Amino acid sequence: MPCVSPDGKPTKSGMATLSAIKNGASTPEAVSEKTGQPLFKVRSGLRELAKAELVEQKDENYKLTSKAEQLLS
Amino acid sequence: MESSKKPEVGLPLIGEKAPDFEAVTTQGTLKLSDFEGSWLVMFSHPADFTPVCTTEFIAFTKIYGELQKRNTELLGLSVDSVSSHIAWVRNVEEKMGVKIPFPIIADLNKEVSNKFGMIHPAQSKTETVRCVFIIDPESKIRTILYYPLTTGRNMNEILRIVDALQTTDKHKVATPANWNVGDPVVVPPPNSTEGAEERVKEGYDCKDWYLCFKKL
């Protein structure tokens, strides 16, 4: 998995996505721009991060969950 | 009696929306809709660890940068497991020094290959033939190429087609035989006698009213 390892921990690209969201990128397009990852990878990664309860989606926007906030602190 | 669901077998045609799917790949689970907004060259190969496919993957990797400049992604597919794909791309990197940068679908249950008509049973019942689907940013199929198992694909032609499709979309023109970027393009023929009369006065390089070229 590109963004979450089988053990549930975010991978390097998963961490980059989380950091980008923390720094204000809330849409897949903004995350892609900030991380340099292709848009298709970001969209797929965000689905995985949502499944792992690290991000929450509202409409087109994503925000970190408290679990992700903890991980990044 | 348990009902068995028949696999969805088909061949989407040029101009139709490509059937969406969700598939396990070497870069995670991807949906076709993940690629919306960019062009996509989706291709199948018969099997991992086979010689012609290896040369093709190296060649696809060589044009990947050029494709990206054209807002175009690559997505491979074969009826192999993700572990086999991972082992093969690692082997290509180790033995050939080429890192495969694009995702490859592990289509073990043939769900995607059946949807896109990639299995031609008279060639092989278990392997996909060499298909190329060029899909536009709205997920519409714009080009379909098929090659037999024994013939490796021509990457320059794939790049040329992407250039031609993008040029057509941008300038509302067509591209003649053997066209390459920089060559004159074909102005769409007029569809009325009045248009035909006007066409020859419009300053294009016209051989006749129905065949006019212009430089972009």
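This is a predicted model, so every value here is computed, not measured.

The rules behind the values
One numbering rule holds for all chains: residues counted from 1, following each sequence as written. Chain letters start at A and ligand numbers start at 1, both assigned in the order the entries are written. At least 70 in pLDDT is required for a residue's local features to be given in this predicted model, at least 80 for side-chain atom pairs to be given and counted, and no such filter applies to totals for whole chains, interfaces and linings, which use all residues. Counting from the N terminus, the helices are the DSSP runs of H or I reaching at least four residues and the strands are the DSSP runs of E reaching at least two. Counting other C-beta atoms within 10 Å of a residue's own tells you its class, since 20 or more makes it buried, 12 or fewer makes it exposed, and anything in between is partly exposed; those C-beta atoms are placed from the backbone. The contact rule is simple: place each C-beta atom from the backbone, and if two of them lie within 7 Å, those residues are in contact. A strand pair is defined by DSSP finding two or more bridges across the two strands. By our criterion, buried Ala, Val, Leu, Ile, Met, Phe, Trp, Tyr and Cys residues that link up through C-beta atoms within 7 Å make up a nonpolar core. Classes in brief: Ala, Val, Leu, Ile, Met, Phe, Trp, Tyr, Cys and Pro nonpolar; Asp, Glu, Lys and Arg charged; the others, Gly included, polar. Lines fitted to C-alpha atoms define the axes here, with helix axes fitted over just the stretch in contact, and angles between the N-to-C directions of these axes take values from 0 to 180 degrees. Put simply, angles under 35 degrees are roughly parallel, angles over 145 are roughly antiparallel, angles from 65 to 115 are roughly perpendicular, and the rest are oblique. Segmentation into domains, and thus their bounds, comes from an automatic or database assignment.

This brings us to the overall build of chain A. Regarding its fold elements, chain A presents four helices and two strands. Along its sequence from the N terminus, chain A presents helices and strands in the succession α-α-α-β-β-α. The C-alpha extent of chain A, read off along each of the three principal axes, is 25 × 20 × 20 Å. Counting the 73 residues in chain A, one finds 38% classified as buried. If you take every contact in chain A between residues at least 6 apart in sequence, the share linking residues at least 24 apart comes to 43%.

This next bit is on the overall build of chain B. Helix and strand content of chain B: five helices and ten strands. Taking the principal axes of the C-alpha coordinates as reference, chain B spans close to 65 × 50 × 30 Å. Every one of the 216 residues in chain B was classed for burial, and the buried ones make up 30%. In chain B, of all internal contacts separated by at least 6 residues, the share reaching a separation of at least 24 is 64%.

The next thing to look at is the pairing of strand β1 (residues 55-58) of chain A. Residue and element names in this part refer to chain A. Note: β1 against strand β2 (residues 61-64), four bridges, orientation antiparallel. Bridge pairing in β2 places Glu56 opposite Lys63. Where β1 folds back on β2, the antiparallel hairpin that results is connected by two residues, among which Asp59 adopts a positive phi of roughly 55°.

Glancing now at unusual backbone geometry. We note that Asp59 of chain A has phi near 55°; this positive angle belongs to a residue other than glycine. Looking at the secondary structure, you find Asp59 of chain A in the loop between β1 and β2. In this structure, Asn178 of chain B takes a positive phi of about 60° despite not being glycine. Relative to the helices and strands, Asn178 of chain B resides in the loop between α4 (155-171) and β8 (185-187).

It is worth spelling out the nonpolar core at this point. Of all hydrophobic cores here, the largest spans 37 residues; its most connected members are Val41, Met42, Leu75, Ile105, Phe133 and Ile135 of chain B. Of all the secondary-structure elements, those providing two or more residues to this core are β3 (39-44), α1 (51-69), β4 (72-78), α2 (82-96), β5 (104-106), β6 (130-135) and α4 of chain B. Beyond its immediate stretch of four places on either side in the chain, Ile105 of chain B contacts Ala23, Thr25, Leu75, Gly76, Leu77 and Val112 of chain B. With 14 residues, the next largest nonpolar core counts Cys3, Val4, Ile21 and Ala25 of chain A among its residues.

Here we take up the environment of Val173 of chain B. Residue and element names in this part refer to chain B. Among the structural elements, Val173 can be located in the loop between α4 and β8. The partly exposed category is assigned to Val173, around which 18 C-beta atoms lie within 10 Å. Through-space distance from the C-alpha of Val173 to that of Glu36 is 24 Å; in sequence the pair is 137 residues apart. The contacts of Val173, once residues within four sequence positions are left out, are Thr167, Thr168, Val185, Val186, Val187 and Pro188.

With that settled, consider the interface of chain A and chain B. Each partner contributes residues to the interface: chain A has eleven residues there, and chain B has nine residues. Across the side of chain A that touches chain B, the residue classes break down as six nonpolar, two polar and three charged.

What follows deals with the packing of helix α1 (residues 12-22) of chain A against helix α3 (residues 39-51) of chain A. All names here are of chain A. Running from amino to carboxyl end, α1 crosses α3 at an angle of 90°, the nearest separation of the two axes being 10 Å. The orientation of α1 relative to α3 falls into the category roughly perpendicular. Here Ser13, Gly14 and Thr17 of α1 come into contact with α3, specifically with Val42, Gly45, Leu46 and Leu49. Class assignment for the residues of the contact of α1 with α3 results in three nonpolar, four polar and no charged.

You can read the domains of chain B as domain 1 (22-153) and domain 2 (172-214). Taking only C-alpha atoms, the centre of domain 1 of chain B and the centre of domain 2 of chain B are 36 Å apart.

So, on to the sheet that holds β8 of chain B. Residues and elements named next belong to chain B. In space, the three strands of this open sheet follow the order β8-β10-β9, with antiparallel pairing throughout. Every other strand in the sheet has two partners, leaving β8 and β9 (205-208) as the edge strands with one partner each. With strand direction ignored, the average angle separating the axes of adjacent strands in the sheet is 30°. Direction of pairing for β8 relative to strand β10 (residues 211-214): antiparallel, over a ladder of three bridges. Within the sheet, the bridge partner assigned to Val186 lies in β10 and is Phe213.

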